[in-house]
Every structure is written in C-alpha cells, then in structure tokens.
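Below are the chains, spelled out letter by letter.
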Amino acid sequence: MPHPASYDKGMAIRKEWTEWHLTPRGWEQGSTRREGRGNDWRDEPADRLLSYQHIEIHGSGEPKISTEETWRSKDPAALEQLAAALAKYGAAPSRLD
C-alpha cells in the first residue's frame with residue numbers, strides 16, 4: 001500500500017483569498033492572498049459594517065469556492081446602516097479582486 005504522503009505528489013494546492021468589507025460607501029477590498037505574491041495585509045476600514053472572505057482553493061479537481069461572513073458589527077446604531085448598505089450595494093463580491 002502506498003504511503004499517504006505519496007497521494008499528494010504532483011497535486012499542488014493553491015489557496016487564494018480576499019477580504020471584502022461593507023462600509024457606508026459600499027464594498028471595499030481588504031487583505032488578500034495570491035499565489036506567487038503572498039499576503040497583502042490591509043487594515044479594516046474604521047467604519048466597516050460587515051466583512052466577508054472570498055476563498056478559492058485549486059487542486060487537481062474542481063476548484064472549491066466559497067464566500068463566508070467573518071465579522072458583523074454589534075453596534076445597534078450600525079445595524080440600521082448595515083441594512084441600508086446591503087439594500088444599496090448587495091451581497092459581498094464573490095471574486096478575488
């Protein structure tokens with residue numbers, strides 16, 4: 001029986017991601033990770049209302065793509081802004097950039 005590590009040979013896995021932050025101005029790109037470029041860290045906007053991370057994992061098969069909520073304001077005053085911003089700007093971008 002082959003050693004489990006031998007199953008991974010030749011199957012480079014690439015994980016790339018982008019953070020998206022919803023602000024009263026719309027969706028703003030945050031930190032990213034790209035193959036060959038590494039991580040590009042950016043501070044979150046001070047007035048962010050909601051944050052998502054779009055992730056793409058590429059291996060030998062079909063890519064695994066997801067967009068997941070990572071942070072939501074708990075400030076009661078921001079919740080009204082959040083609802084208005086979502087109505088105006090829609091869901092988080094489902095793309096790397």
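Owing to the predicted nature of the structure, the values given are computational and were not obtained by experimental measurement. (Residues numbered from 1 in each chain as written. Predicted model: local features only at pLDDT ≥ 70, side-chain atom pairs only at ≥ 80, totals over all residues. Heavy atoms only, no water.)

Ring pairs (aromatic) are described by centroid distance and by the angle formed between their planes. Scanning the entire structure with this criterion turns up two aromatic pairs. Judged by centre distance (5.6 Å) and plane angle (45°), the ring pair of W17 and W41 falls under tilted. Of this pair, W17 sits in strand β1 (residues 14–23) while W41 sits in the loop between β3 (38–40) and β4 (50–58), and the two are 24 residues apart along the sequence. Look at W17 and you get buried, because its relative accessible area is 9%. Aromatic pair W27 and Y52: ring centres 6.1 Å apart, planes at 75°, arrangement edge-to-face. Taken together, the residues span a long stretch of sequence, with W27 in strand β2 (residues 26–34) and Y52 in strand β4 at a distance of 25 residues. Pair check on accessibility: W27 and Y52 agree, each one buried. Sitting over the face of the ring of W71, R48 holds its NZ or CZ atom 3.8 Å from the ring centroid. (Phe/Tyr/Trp six-rings, centres within 6.5 Å; stacked < 30°, edge-to-face > 60°. Helix = DSSP H or I, 4+ residues; strand = E, 2+ residues; numbered from the N terminus. Buried < 20%, exposed > 50% of the residue type's maximum accessible area, 1.4 Å probe, protein only. Lys NZ or Arg CZ within 6 Å of the ring centre and 35° of its normal.)

The next subject is the pairing of β2. In the case of a regular strand, side chains alternate between the two sheet surfaces. The pairing of β1 with β2 spans six bridges and is classified as antiparallel. When the sheet's bridge partners are listed, L22 is paired in β2 with W27. Connecting the antiparallel pair β1 and β2 is a turn made up of two residues. Looking at chain direction, β2 and β3 are connected through three bridges and run antiparallel. Bridge pairing in β3 places R34 opposite G38. (Pairing = 2+ DSSP bridges.)

Another point: the sheet that holds β1. Strand order across the open sheet formed by five strands is β3-β2-β1-β4-β5, with antiparallel pairing between neighbours. Two strands in the sheet have a free side with no partner beyond their single neighbour: β3 and β5 (64–72). Direction aside, neighbouring strands of the sheet carry axes that sit 20° apart on average. Pairing of β1 with β4 involves nine bridges; the strand directions are antiparallel. Across the sheet, W20 pairs through a bridge with Y52, a residue of β4. (Axes fitted to C-alpha atoms, helices over the stretch in contact; angles between N-to-C directions.)

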